[in-house]
Amino acid sequence: LASTSLSVDTGRVEASLLSSHYRVAPGQSFQIALKTELDEQWHTYWRNPGDSGEPVQISWVLPETVSAGEIVWPLPAPIPTGPIINYGFEGAPLFPVQFTVADDAAIGSVIEVTAEVYYLVCKDICIPESGVLRLVLQVAETSEINDGNAAAIAEALDAAPRAIDVNAAMQETDGQLSIQ
C-alpha cells in the first residue's frame, strides 16, 4: 500500500501518481494527481493545445467501488513555435482528479487505481509517450491523509483556472460593439 506510485521514466518525462491519502473511508472523496516531471525544455499540452499538439490523457481502470471525476487542468503557458502558438506545460505540473469511494466499500479491502497515461512531449521534435501507473489504497474505518501529497495537490487545485459565471451580451449600436 502506498500513496505514491512507482514512476515511469521515458527518458524525457518521469510520471507518477500521488494520492492525498494513505487510507480512505467508505463514502469519502479524495484526490489523486498525475505528476509529470519533464526534462528541461520539453513540454506537454493543455486540454486545448492550441495550433498543434495533443492534450495529456488519463484513462482510469477502477474497481466498482470507486468513481473518478475530470482532470483539474493546471494553468497553461503559451508555447510559441515559429508562427504558431500552443498551450502547455514545462517543469513538473500536477493533474488532480477527484475520486469517491462508494458508501458500501468493505472496511479492510484494497482499492487498486490504475492510470493509463498518454502525452505528446515536445522540444525540437514531438514524441508520443505512454505508461501505466498503479496505486493501491486501503479502505479503513477512518481515513489517513498524506500531508505532503495533500499539500501539493491542494496547491495545484488552488492555482488551477476556474470557470466563472458571467451574464453578458454583445450589442451593436451605431457600428460600435459594447458588452451589456
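Residues numbered from 1 in each chain as written. Predicted model: local features only at pLDDT ≥ 70, side-chain atom pairs only at ≥ 80, totals over all residues. Heavy atoms only, no water.

A. Inspection of the overall build of the chain at higher detail. Each helix and strand in the chain was counted, giving one helix and 15 strands. Within the chain, the fraction of its 180 residues that count as buried is 38%. Taking all contacts inside the chain whose residues are at least 6 apart in sequence as the whole, residues at least 24 apart take part in 69%. On the chain, roughly 10000 Å² of surface is accessible, and the fraction owed to carbon and sulfur atoms is 49%. Distance from the positive charge centre (7 side chains) to the negative charge centre (24 side chains) of the chain: 6 Å. (Helix = DSSP H or I, 4+ residues; strand = E, 2+ residues; numbered from the N terminus. Buried < 20%, exposed > 50% of the residue type's maximum accessible area, 1.4 Å probe, protein only. Contact = heavy atoms within 4.5 Å. Areas by Shrake-Rupley, 256 points an atom, 1.4 Å probe, with all protein chains shown as cover. Lys, Arg positive; Asp, Glu negative; His and termini not counted. Charge placed at Lys NZ, Arg CZ, Asp CG, Glu CD.)

B. Up close: the nonpolar core. By size, the foremost hydrophobic cluster in this structure holds 32 residues, and its most contacted members are Leu17, Ile32, Leu34, Trp60 and Phe99. Elements that contribute at least two residues to this core include exactly β2 (13-19), β4 (29-38), β6 (57-61), β7 (66-71), β10 (94-101), β11 (110-122) and β12 (126-139). The element contributing the most residues to this core is β11, with six residues. Setting aside its immediate chain neighbours within four residues, tryptophan 60 contacts Leu17, Ile32, Ala68, Val97, Phe99, Val113, Thr114 and Ala115. If you look at the next biggest cluster of nonpolar residues, it comprises five residues, including Ala33, Leu94, Ile153 and Ala156. (Core = buried A, V, L, I, M, F, W, Y, C linked by side-chain atoms within 4.5 Å.)

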